Amino acid sequence: MLAVLLSLGAAIVFSLSAMAVSAVAGRIGVWQLGRWQMGIAFVLTAISSTIGGGWSTVQPWQFGLLAASAATGIMLATTTYLAAIHAAGPRVTALLFSLAAPFAVLEGWVFLGESLSTAQLGGIGLILFGIVLAILAENDPHPDDKPAKPLMVGVTLGVVTAIGQATGSLLARPAMEAGVDPFAAMAIRSGLGGVFFAAMALFPFARASHFPLGRDLRNVSLSAFFGMFLGMCLMMAALGSGDVGIVSTLTSTTPILILPMVWFATRRAPGWPAWVGAGLAVLGTALISLAA
């Protein structure tokens, strides 16, 4: 029961993080947002790892894998994830993020020789159908949930995000299975991501036009706290006491949980294709996770 509550808590705060990112779209750039998120996440996870003595669990070979994981799962995936929310909105981005599950299964099949069961193939099909249904069948969106750019831009960014997230998880898996402290692992990944986003400030296109203040600063900080720190902490705590398949399924309910949040923010209920598509995506993720 505790693992269920922790998993659902993680899904809720992941949704809150996406809504906080959406709230600053158009005012805070992707690169600036990435710098803030990685900086806050590194400070919080580094302090937690230091208090818990987690740094001693990291060996050089594990650091190399976590660095490679950071390159795909943090530097690439975080950039495209934030850009996807800006371009397509939090609802569509949450759905596209569900593709991380089938991409992880496919990469495990290609690179690790893992088998693909009928249930997993069916799960992949449900996720794809749910995403297509929700994106193509939804019409007349509320202005607050309307894509800021052509929808195909957001879809492409979301797909790249899912591939980067799946690859990052695949690369980090051996290190985590060898016993690396989760807080230390997150500190390494977010620290390297912070260095990357800070270095991007050398280029004019990635520099901030202004410092976030007031409500924007609050939303940026909340997005980092909920998404990069609290959500991951809750998910790891759930994995410590629950089945991996169940935890993965429950934490992937973000596409459904985010719908009432969009409803509350826009004062308009999402159409039935959004609900059905989100439900199919979560069901597909459940088939993939529980059949693993």
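Worth saying up front: this structure is predicted, and the values here are computed from it rather than measured. For every chain, the first residue of its written sequence is number 1, and the numbers climb from 1 along that sequence. In keeping with the predicted nature of the model, local features appear solely for residues at pLDDT of at least 70, side-chain atom pairs appear and are counted solely at 80 or more, and the whole-chain, interface and lining totals rest on all residues. Only hydrogens and water are set aside when side-chain values are computed; all heavy atoms of the structure are taken into account.

Engineer: Would you explain helix H5 (residues 100-111) in this entry?
Structural biologist: Within an α-helix, residues lying three or four positions from one another point in the same direction, as the helix has 3.6 residues per turn. Helix and strand assignments follow DSSP, with helices taken as H or I runs no shorter than four residues and strands as E runs no shorter than two, numbered in order from the N terminus. For a helix, the expected span equals 1.5 Å multiplied by the number of residues minus one. For H5, built from twelve residues, the straight-helix expectation of 16 Å at 1.5 Å per residue is met to within 8% by its first-to-last C-alpha distance of 16 Å. For every residue, the accessible area (1.4 Å probe, protein chains only) is compared with the maximum for its type, and the residue is labelled buried under 20%, exposed over 50%, or partly exposed between those bounds. Within the sequence span of H5, burial applies to Ala100, Ala101, Pro102, Val105, Glu107 and Gly108. Just past H5, the residue Gly113 takes up positive phi, approximately 70°.

Engineer: I'm lost on the side chain of Gln32 in this one. Help?
Structural biologist: Here Gln32 shows up in helix H2 (residues 30-52). Working rule for contacts: check all heavy atoms of both residues, and any pair within 4.5 Å makes them a contact. Apart from the residues lying within four places of it in its own chain, the contact partners of Gln32 are Ala208, His210, Phe211 and Pro212.

Engineer: Would you mind going over the packing of helix H3 (residues 60-88) against helix H7 (residues 151-177) with me for this structure?
Structural biologist: A fitted line through C-alpha atoms serves as each axis, taken over the contacting stretch for helices, and the angle formed by two N-to-C directions is quoted from 0 to 180°. Contact geometry for H3 and H7: axes closest at 7 Å, N-to-C directions at 160°. Here H3 is positioned roughly antiparallel relative to H7, judged by the angle of their axes. The two elements H3 and H7 cross, and the hand of that crossing is left-handed. Taken together, the residues that form the contact of H3 with H7 break down as 19 nonpolar, twelve polar and no charged. By definition in this entry, angles of less than 35 degrees are roughly parallel, angles greater than 145 are roughly antiparallel, angles of 65 to 115 are roughly perpendicular, and the rest are oblique. Left-handed describes a crossing whose near helix is turned anticlockwise from the far helix by less than a right angle; the clockwise case is right-handed. The nonpolar class holds Ala, Val, Leu, Ile, Met, Phe, Trp, Tyr, Cys and Pro. Asp, Glu, Lys and Arg form the charged class, and all remaining residues, Gly among them, are polar.

Engineer: I would appreciate a short explanation of helix H11 (residues 254-266) in the present structure.
Structural biologist: Helix length check: H11 (13 residues) gives 18 Å between terminal C-alpha atoms against 18 Å at 1.5 Å per residue, within 8%. Note on H11: the residue one or two positions beyond its end, Arg267, has a positive phi of about 60°.

Engineer: So what exactly am I meant to see when it comes to the packing of aromatic side chains here?
Structural biologist: Given two aromatic rings, one states the distance between the centres and the angle between the planes to describe the pair. Any pair of Phe, Tyr and Trp rings, taking the six-membered ring for Trp, is counted once the centres come within 6.5 Å. Such a pair is stacked with planes under 30 degrees apart, edge-to-face with planes over 60 apart, and tilted for the rest. Under the definition given, this model contains nine aromatic pairs. Judged by centre distance (6.4 Å) and plane angle (75°), the rings of Trp263 and Trp275 are edge-to-face. Here Trp263 is found in helix H11, whereas its partner Trp275 is found in helix H12 (residues 272-290), with twelve residues between them in sequence. One aromatic cluster in this structure is built from Trp31, Phe196, Phe197, Phe203 and Phe205.

Engineer: Is there a simple way to explain a nonpolar patch on the surface in this structure?
Structural biologist: Here the term patch refers to residues with relative accessible area over 30% and no salt bridge, with like charges joined within 9 Å and nonpolar side chains (Val, Leu, Ile, Met, Phe, Trp, Tyr) within 5 Å. In this description, accessible areas are obtained by the Shrake-Rupley approach with a 1.4 Å probe, and a residue is regarded as covered only by the protein chains that are shown. For this analysis, a salt bridge means a side-chain nitrogen from Lys or Arg found within 4 Å of a carboxyl oxygen belonging to Asp or Glu. A cluster of nonpolar side chains, contributed by Phe42, Val43, Ile47, Ile51 and Trp55, occupies part of the molecular surface with about 500 Å² of accessible area. Tracing the backbone shows Ile47 in helix H2.

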